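One-letter residues, chain by chain:
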Amino acid sequence: MLDDAHVLVRSRLSALSHRQDDDGSGKLFRQLVDVLSVYATFEINEETGEARTDSEMTAIHYDEITSLQVYKHNKNNNNNDNDNNNNNSNNNNNNVFIPSNLRNDSTF
């Protein structure tokens, strides 16, 4: 839920995070965001409470990167489709990297 709402990103970009006051409110907020960051990225399965292995964490990371690449790929294709001045030969952006250990031949 924290990832979906981009809580950490929004907190780090907020005005309070950049505030340099005498009362230390900006510093305290940054410290709290840092603590939240540790717990938000904690290597534990949220459903079972068990520690995740290095391979599970790597797979999660690859899934996030792949999701970003697919999003960017789809965004580029939509921009290219809407641009009447582009040549069709420039729309060869079908190279989305998917690590071999995460490929499922039935879906790709």
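Residues numbered from 1 in each chain as written. Predicted model: local features only at pLDDT ≥ 70, side-chain atom pairs only at ≥ 80, totals over all residues. Heavy atoms only, no water.

**Examining the overall build of the protein**
For clarity, the threshold we go by: Note on conventions: DSSP H or I runs of at least 4 residues are helices, E runs of at least 2 residues are strands, and numbering of each starts at the N terminus. It only takes one pair of heavy atoms within 4.5 Å for two residues to be counted as in contact. For the area figures, the Shrake-Rupley method with a 1.4 Å probe applies, and any residue is considered shielded solely by the protein chains shown.
Scanning the protein from N- to C-terminus turns up five helices and zero strands. When the elements of the protein are put in sequence order from the N terminus, they spell out α-α-α-α-α. A separation of at least 24 residues holds for 35% of the contacts in the protein among residues at least 6 apart in sequence. In the form shown here, the protein has an accessible surface area of approximately 9,000 Å², with 48% of it arising from carbon and sulfur atoms.

**Brief notes about the pattern of salt bridges**
For clarity, the threshold we go by: Salt bridge, as applied in this entry: a Lys or Arg side-chain nitrogen positioned within 4 Å of an Asp or Glu carboxyl oxygen. Three exposure classes are used, based on accessible area relative to the maximum for each residue type with a 1.4 Å probe and protein chains only: buried under 20%, partly exposed in between, and exposed over 50%.
Enumeration over the complete set of coordinates arrives at one salt bridge. Between Asp34 and Arg12 there is a salt bridge, and its shortest N-O distance comes to 3.8 Å. Pair noted here: Asp34 is in helix α4 (residues 25-40) and Arg12 is in helix α2 (residues 7-13), with a separation of 22 residues, a long-range link. Note on Arg12: relative accessible area 37%, which makes it partly exposed.

**A look at a nonpolar patch on the surface**
The test is simple: Exposure above 30% relative accessible area and the absence of a salt bridge qualify a residue for a patch, where like charges join within 9 Å and nonpolar side chains (Val, Leu, Ile, Met, Phe, Trp, Tyr) within 5 Å.
Where nonpolar side chains cluster on the molecular surface, the patch consists of Val35, Val38, Tyr39 and Phe42 and spans about 440 Å² of accessible area. Tracing the sequence through the fold places Tyr39 in helix α4.

**Some remarks on the environment of Arg30**
Rule in force here: Between N or O atoms, a polar contact is any pair within 3.5 Å; within protein, one atom must be a potential hydrogen donor and the other a potential acceptor, and residues adjacent in sequence are included only when both atoms are from side chains.
Mapping Arg30 onto the fold places it in helix α4. Residues Arg30 and Arg19 lie 11 residues apart in sequence; the distance between their C-alpha atoms is 9.6 Å. Once residues lying within four places of it in the same chain are set aside, the contact partners of Arg30 are Ser17, His18, Arg19 and Gln20. In this structure the side chain of Arg30 is engaged in a polar contact, spanning 2.6 Å, whose partner is the backbone oxygen of Ser17.

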